[in-house]
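Listed below are the residues making up each chain.
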Amino acid sequence: MDFNVKKLASDAGVFFTRAVQYTEEKLGQAEKTELDAHLENLIARADCTKNWTDKIFRQTEVLLQPNPSYSSWTSPVINDFDQTGARIEEFFYEKLDRKIPSRITNAELLGQYMQDAAKDFGPGTPYGSTLITVGDYQKRLGGAEREFLQTSAINFLTPLRNFLEGDWKTISKERRLLENRRLDLDVCKARLKKAKLAEAKAAAEHELRVAQTEFDRQAEVTRLLLEGISSTHVNHLRCLHEFVEAQAAYYTQCHKHMQDLQKELSRFPNAFAVNASTSGVSTGPSPLSSATLPGASSPSRPPNPSNALEPSTLKIEEVKPPATGTRKAKVLYDYDAADTSELSLLADELITVYTVPGMDPDWLIGERGNQKGKVPVTYLELLS
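All values derive from a computational prediction rather than experimental measurement.

A. Focus on the overall build of the protein chain. Within the protein chain one finds eight helices and five strands. In sequence order, the secondary structure elements of the protein chain are arranged as α-α-α-α-α-α-α-α-β-β-β-β-β. Expressed as a percentage of the 384 residues in the protein chain, the buried residues total 34%. Of the contacts made within the protein chain by residues no fewer than 6 positions apart, 69% connect residues no fewer than 24 positions apart. Accessible surface, the protein chain: about 23700 Å² in total, of which carbon and sulfur atoms supply 57%.

So, in structure tokens, the structure goes:
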């Protein structure tokens, strides 16, 4: 391979003179040409944009690329390692121009475990059937999460990455070139000051004019690139709106799925009340009434107790509270009585409740002053 020795020597000489000029400036032994205020402001704004874009990008990556292989109690070091591996995998897929395979989310994996467990426990049992239902909704939550991750990665992460790996690298390259041109200019200024002979002064003045022209041209190129940061802000603002829209849609879907799941569970037999009815009184709050989400709608109205489960002669006005076994209950939701045998309820009021032999376990007898009637267990929180 042929080398241009003269060019190598020239480049080495230029590098050396720049290094000397830079060192003398730092030591206060040489003057430094200052950039105009507008260009300095543009550079400061660009640096600020780069630094915060990089931080937002990295933290968004952490948010949008959760670890699918380990649970939350796993060592953070292992989690970070796995996330890094996932990002390296995505990098190779991007370079090969191939579609990144979708990964199963934590919620989908949990849902699958629940449904597999139900097969062993018995899908016809209360626990097994509930696991199947909850597992199905966990999978729906996971599907919504995956859609949110994919949308946000395309509409928000990718533009930020393109800026950091594309536009910013171009800006950085031109800024380094501008700094070199500035050093060359100041070297020429120093040479002109040191020139004694007329011939040396003339040569130094020519070099200074050339250096000044190159510096001005590079300053203009750099200024135009830096002014493009305003367009970058506009583009990132649009991407930010799209990210918020995707996030809002995702949380709306999650809230709807959880409300639907609660309604589904409220239709299942209340196994806890069935067990408690054998002792004559419910032993605690209904799991459905005490595990409701904020803003969730009231549970579905339970079916009226079958006449076959009640003594044929039972009349509400004739029912007497037992000597022991009455309890206080807090009403969780408003309830409108379906007939004269039921008692209407208002949310947050306190009533006295008890059960009588033969009653459907989903219902209790409730009393408020002189009023009495059947009330659904799922609308109550039983107190001690």
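What follows continues from the structure just given.
B. Spotlight on the pairing of strand E2 (residues 350-354). Among the five residues that make up E2, four are buried, leaving the element largely enclosed by the rest of the structure. Summarising the sheet, E2 and strand E3 (residues 363-368) pair through three bridges and their orientation is antiparallel. By the bridge assignment for E3, Val 353 is matched with Gly 366.

C. Structural context of a nonpolar patch on the surface. On the surface, a cluster of nonpolar side chains totalling about 250 Å² of accessible area is made up of Leu 237, Leu 240 and Val 244. Owing to a relative accessible area of 38%, Leu 240 belongs among the partly exposed residues under this scheme.

D. The arrangement of helix H2 (residues 37-64) in detail. Between the first and last C-alpha of H2 there are 40 Å, a value that for 28 residues agrees with the 40 Å anticipated at 1.5 Å per step. One side-chain oxygen at the N-terminal end of H2 lies 3.1 Å from the backbone nitrogen of His 38; it belongs to Asp 36.

E. The arrangement of the packing of aromatic side chains in detail. Tallied over the full model, the rule gives nine aromatic pairs. Summarising the aromatic geometry, the rings of Phe 121 and Tyr 127 are spaced 5.3 Å apart at their centres and angled 20° between planes, so their arrangement reads as stacked. Pairing Tyr 333 with Tyr 379 gives two aromatic rings, centres 5.7 Å apart and planes at 85°, and the pair type is edge-to-face. Note that Tyr 333 is positioned in the loop between strand E1 (327-331) and E2 and Tyr 379 in the loop between strand E4 (371-376) and strand E5 (380-382), a separation of 46 residues in sequence. Per residue, the accessibility class of Tyr 333 equals that of Tyr 379, and both read buried. Sitting over the face of the ring of Trp 52, Lys 55 holds its NZ or CZ atom 4.6 Å from the ring centroid. The positively charged end of Arg 140 is found above the aromatic ring belonging to Tyr 137, 4.3 Å away from the centroid.

F. The arrangement of unusual backbone geometry in detail. Although it is not a glycine, Asp 348 adopts a positive phi angle of roughly 80°. Along the chain, the position of Asp 348 falls in the loop between E1 and E2.

G. Summary view of the nonpolar core. Judged by nonpolar contacts, the single largest core of 32 residues is most densely connected at Leu 39, Leu 64, Phe 148 and Leu 226. Only H2, helix H5 (126-194), helix H6 (198-227) and helix H7 (229-266) provide two or more residues apiece to this core. No other element matches H5, which puts 14 residues into this core. Here Leu 64 is in contact with Phe 148, Leu 149, Ser 152, Ala 153, Leu 157 and Phe 243, once residues within four sequence places are set aside. Counting 21 residues, the second largest nonpolar core, distinct from the first, contains Ile 316, Val 331, Val 356 and Ile 365.

Calculation rules
- Residues numbered from 1 in each chain as written.
- Predicted model: local features only at pLDDT ≥ 70, side-chain atom pairs only at ≥ 80, totals over all residues.
- Heavy atoms only, no water.
- Helix = DSSP H or I, 4+ residues; strand = E, 2+ residues; numbered from the N terminus.
- Buried < 20%, exposed > 50% of the residue type's maximum accessible area, 1.4 Å probe, protein only.
- Contact = heavy atoms within 4.5 Å.
- Areas by Shrake-Rupley, 256 points an atom, 1.4 Å probe, with all protein chains shown as cover.
- Pairing = 2+ DSSP bridges.
- Patch = residues over 30% accessible without salt bridge, like charges linked within 9 Å, V, L, I, M, F, W, Y side chains within 5 Å.
- Salt bridge = Lys/Arg side-chain N within 4 Å of Asp/Glu carboxyl O.
- Expected span 1.5 Å × (residues − 1).
- Polar contact = N/O pair within 3.5 Å; in protein donor to acceptor, adjacent residues only side chain to side chain.
- Phe/Tyr/Trp six-rings, centres within 6.5 Å; stacked < 30°, edge-to-face > 60°.
- Lys NZ or Arg CZ within 6 Å of the ring centre and 35° of its normal.
- Core = buried A, V, L, I, M, F, W, Y, C linked by side-chain atoms within 4.5 Å.

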